Amino acid sequence: MTWRAPKTTSYVVYGELQKTEALFFRLDPTRVLEWLSAKGHDLPKPADERAARISILERAAIPAPGQEVDQPSVGSDLLTLVHSMCHRMIRQAAVLAGIDRNSLSELLVPNHLGFFIYAGARGDFVLGGLQAVFETELDRLLDSFVKGEHRCALDPGCATTGGACVACLHLGEPSCRYFNRFLDRRSIIGSAGYLTGGT
């Protein structure tokens, strides 16, 4: 008879506690539902903002990082919208904060129609930079996000092959949990864009 040590469910996880700062951005649920409906998804017209959030939550299965998606779904289109907006916001915030954009990272919460932008612990970011942008430059940040240049230096090639590349939306790999996938400028701007009333 062979003796075996009992299996344990305990794991040792090593980590390092870091202090950072973040900005959270959330989209309007009614507007998101209208945008998803305009993309061809069968969603009911909401009575109010709460009904819109519930409707999206019931139908949106968000793809995991690295997951392949054959056909666009409510979840993949929602992720593309939130992720594209997050990358655009990081690029705009980095300019106003005067730092390298790879010093900022993302935390996507597409089920809540939002995303966090936070200062990476190992970047060249000075703590207080995002707070300064929030307190003194928030109007400029939002204005440049909406009205700033949406074209890509590599258009028309970029626009015809996915709508995202290193010149317009991609970030360094440590900053992006989804490996620069589920990105498309056309979800933000253009004939079917969220910001241009693609409904």
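Residues numbered from 1 in each chain as written. Predicted model: local features only at pLDDT ≥ 70, side-chain atom pairs only at ≥ 80, totals over all residues. Heavy atoms only, no water.

**A word on the overall build of the chain**
Part 1: In terms of regular secondary structure, the chain is built from 6 helices and 3 strands.
Part 2: When the elements of the chain are put in sequence order from the N terminus, they spell out β-α-α-α-β-β-α-α-α.
Part 3: In terms of its C-alpha atoms, the chain occupies a principal-axis envelope of roughly 70 × 45 × 35 Å.
Part 4: Within the chain, buried positions represent 40% of all 199 residues.
Part 5: Long-range pairs, those at least 24 residues apart, make up 63% of the contacts in the chain between residues at least 6 apart in sequence.
Part 6: Surface summary for the chain: the accessible area is close to 11,900 Å², and the carbon and sulfur share equals 54%.
Part 7: Of the side chains in the chain, 21 bear a positive and 22 a negative charge, and the two mean positions are spaced by 4 Å. (Helix = DSSP H or I, 4+ residues; strand = E, 2+ residues; numbered from the N terminus. Buried < 20%, exposed > 50% of the residue type's maximum accessible area, 1.4 Å probe, protein only. Contact = heavy atoms within 4.5 Å. Areas by Shrake-Rupley, 256 points an atom, 1.4 Å probe, with all protein chains shown as cover. Lys, Arg positive; Asp, Glu negative; His and termini not counted. Charge placed at Lys NZ, Arg CZ, Asp CG, Glu CD.)

**Quick look at the packing of helix α4 (residues 129-136) against helix α5 (residues 138-147)**
Part 1: One way to put it is that α4 packs onto α5 with a least axis distance of 5 Å and a crossing angle of 85 degrees. As judged from the angle between their axes, α4 and α5 are roughly perpendicular. Across from Val133, Phe134 and Thr136 in α4, the residues of α5 making contact are Leu138, Asp139 and Leu141.
Part 2: Grouping the constituent residues of the contact of α4 with α5 by class yields 4 nonpolar, 1 polar and 1 charged. (Axes fitted to C-alpha atoms, helices over the stretch in contact; angles between N-to-C directions. Parallel < 35°, antiparallel > 145°, perpendicular 65-115°, else oblique. Nonpolar A, V, L, I, M, F, W, Y, C, P; charged D, E, K, R; others polar.)

**Focus on the sheet that holds strand β3 (residues 114-119)**
Part 1: Read across the sheet, 3 strands follow the order β1-β3-β2 without closing on themselves; strand pairing throughout is antiparallel. At either margin of the open sheet sits one strand with a lone partner, and together these are β1 (22-26) and β2 (104-109). Strand-to-strand twist in this sheet, taken as the mean axis angle between neighbours without regard to direction, amounts to 20 degrees.
Part 2: Sheet strands in contact with helix α3 (residues 74-97) are β1, β2 and β3, and its direction is about 155 degrees off that of β2. (Pairing = 2+ DSSP bridges.)

**Side note on the packing of aromatic side chains**
Part 1: A full pass over the atoms with the stated rule returns 3 aromatic pairs.
Part 2: Geometrically, the ring pair formed by Phe24 and Phe116 is tilted, given 4.6 Å between the ring centres and 40 degrees between the ring planes. Of this pair, Phe24 sits in strand β1 while Phe116 sits in strand β3, and the two are 92 residues apart along the sequence.
Part 3: The exposure class assigned to Phe24 is partly exposed, which follows from its relative accessible area of 40%.
Part 4: Residue classification places Phe116 among the partly exposed residues on the basis of a relative accessible area of 29%.
Part 5: In this arrangement the basic side chain of Arg31 is found over the ring face of Tyr194, its NZ or CZ atom lying 4.9 Å from the centre.
Part 6: One residue, Arg88, lies across the ring of Phe145, its end atom 5.7 Å from the ring centre. (Phe/Tyr/Trp six-rings, centres within 6.5 Å; stacked < 30°, edge-to-face > 60°. Lys NZ or Arg CZ within 6 Å of the ring centre and 35° of its normal.)

**Quick word on the pairing of β2**
Part 1: In this sheet, β3 lies alongside β2 in antiparallel orientation, the contact comprising 6 bridges. Bridge assignment links Leu104 to a residue of β3, and that residue is Ala119.
Part 2: Where β2 hands over to β3, the hairpin turn is made up of 4 residues, of which Leu113 adopts a positive phi near 60 degrees.

Interpretation in functional terms is not warranted from these geometric data alone.
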